[in-house]
Amino acid sequence: MAEENKLIQIVNKQVANWTVLYMKLHNFHWYVKGTNFFALHVKFEEMYNEAAVHIDELAERILALEGSPIGTLKEALEIASVGEAEGKEDTNQMVQSLTNDFSVLITELNEGIEVAANMGDESTGDMLIAIHQGLEKHNWMLKAYLEK
């Protein structure tokens, strides 16, 4: 039972992280400016739509594991590993912030994947692997954007 509770906590942290990222991505979408406006405006929208899907699927997985997903912004901010947008970021700072956040999530997902594998919980493990793969792709693209 301890492993199951640990997995629920790990998945709940992902719900919190994606909830914070959902708002951060909206902020970046609304406030991006400059020569790359059109590309980043669309990319940030794509990412916040993806975040919404992750939040729902992760929370539903927690319910399937008979846990209780967090459901408030207060709870999300208390346990998230990522921070909110500051509101003053320039384009490069927005992209760098996301690569930093995605790197944190990738590390945390690795722990969840390992715990799920040890429990024989392929459903949760597969879900976390899929999110992990998506984040690796996003990080590669965002890092390529930052190269000069």
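Everything discussed here concerns the structure shown above.
So, here is what we can say about the structure in this document. (Residues numbered from 1 in each chain as written. Predicted model: local features only at pLDDT ≥ 70, side-chain atom pairs only at ≥ 80, totals over all residues. Heavy atoms only, no water.)

Next up on the list: the packing of helix α1 (residues 2-31) against helix α2 (residues 37-64). At a minimum axis separation of 8 Å, α1 and α2 run at an interaxial angle of 155 degrees. Taken together, the axes of α1 and α2 lie roughly antiparallel to each other. Where α1 crosses over α2, the two elements pack in a sense that is left-handed. Contacts between α1 and α2 involve I8, V11, N12, Q14, V15, W18, T19, Y22, L25, H26, F28 and H29 from the first element and H41, F44, E45, M47, Y48, A51, A52, H54, I55, L58, A59 and I62 from the second. Classifying every residue of the contact of α1 with α2 by side-chain character gives 16 nonpolar, seven polar and one charged. (Axes fitted to C-alpha atoms, helices over the stretch in contact; angles between N-to-C directions. Helix = DSSP H or I, 4+ residues; strand = E, 2+ residues; numbered from the N terminus. Parallel < 35°, antiparallel > 145°, perpendicular 65-115°, else oblique. Left-handed = near helix turned anticlockwise from the far one by under 90°. Contact = heavy atoms within 4.5 Å. Nonpolar A, V, L, I, M, F, W, Y, C, P; charged D, E, K, R; others polar.)

A word on the environment of V53. Within the secondary structure, V53 is located in helix α2. Exposure remark for V53: the relative accessible area of 41% places this residue in the partly exposed category. For the pair V53 and W18, spaced 35 residues apart in sequence, the C-alpha to C-alpha distance is 9.4 Å. (Buried < 20%, exposed > 50% of the residue type's maximum accessible area, 1.4 Å probe, protein only.)

It is worth spelling out the side chain of K43 at this point. Topologically, K43 is positioned in helix α2. Here the side chain of K43 touches E46 through a polar contact of 3.0 Å, side chain to side chain. Excluding anything up to four places from it in sequence, K43 contacts H138 and M141. (Polar contact = N/O pair within 3.5 Å; in protein donor to acceptor, adjacent residues only side chain to side chain.)

On to the nonpolar core. In terms of nonpolar packing, the biggest core is built from 39 residues, with W18, L21, L25, F44, L98 and L135 touching the most fellow members. Among the elements of the structure, α1, α2, α4 (91-119) and α5 (122-146) are those that each provide at least two residues to this core. A per-element tally of this core places α1 first, with eleven residues. (Core = buried A, V, L, I, M, F, W, Y, C linked by side-chain atoms within 4.5 Å.)

It is worth spelling out the pattern of salt bridges at this point. When the charged atoms of two side chains lie near each other, side chains of opposite charge can form a pair. In this structure the tally under the stated criterion is five salt bridges. Across the salt bridge formed by K6 and E111, the nearest N and O atoms sit 3.7 Å from each other. A residue pair is termed long-range when its members are at least 10 positions apart, and K6 in helix α1 and E111 in helix α4 qualify at 105 residues. By relative accessible area, E111 is classed as partly exposed at 38%. Between D121 and R61 there is a salt bridge, and its shortest N-O distance comes to 3.1 Å. A residue pair is termed long-range when its members are at least 10 positions apart, and D121 in the loop between α4 and α5 and R61 in helix α2 qualify at 60 residues. For R61, a relative accessible area of 18% puts it in the buried group. (Salt bridge = Lys/Arg side-chain N within 4 Å of Asp/Glu carboxyl O.)

Time to look at the packing of α4 against α5. A pair of packed helices is captured by two measures, namely the crossing angle of their axes and the spacing between those axes. Running from N to C, α4 and α5 point in directions that differ by 155 degrees, and their axes come no closer than 9 Å. Compared by their axis directions, α4 and α5 come out roughly antiparallel. Judged by the twist between their axes, the crossing of α4 over α5 is left-handed. Partitioned by chemical class, the residues of the contact of α4 with α5 number 15 nonpolar, twelve polar and two charged.

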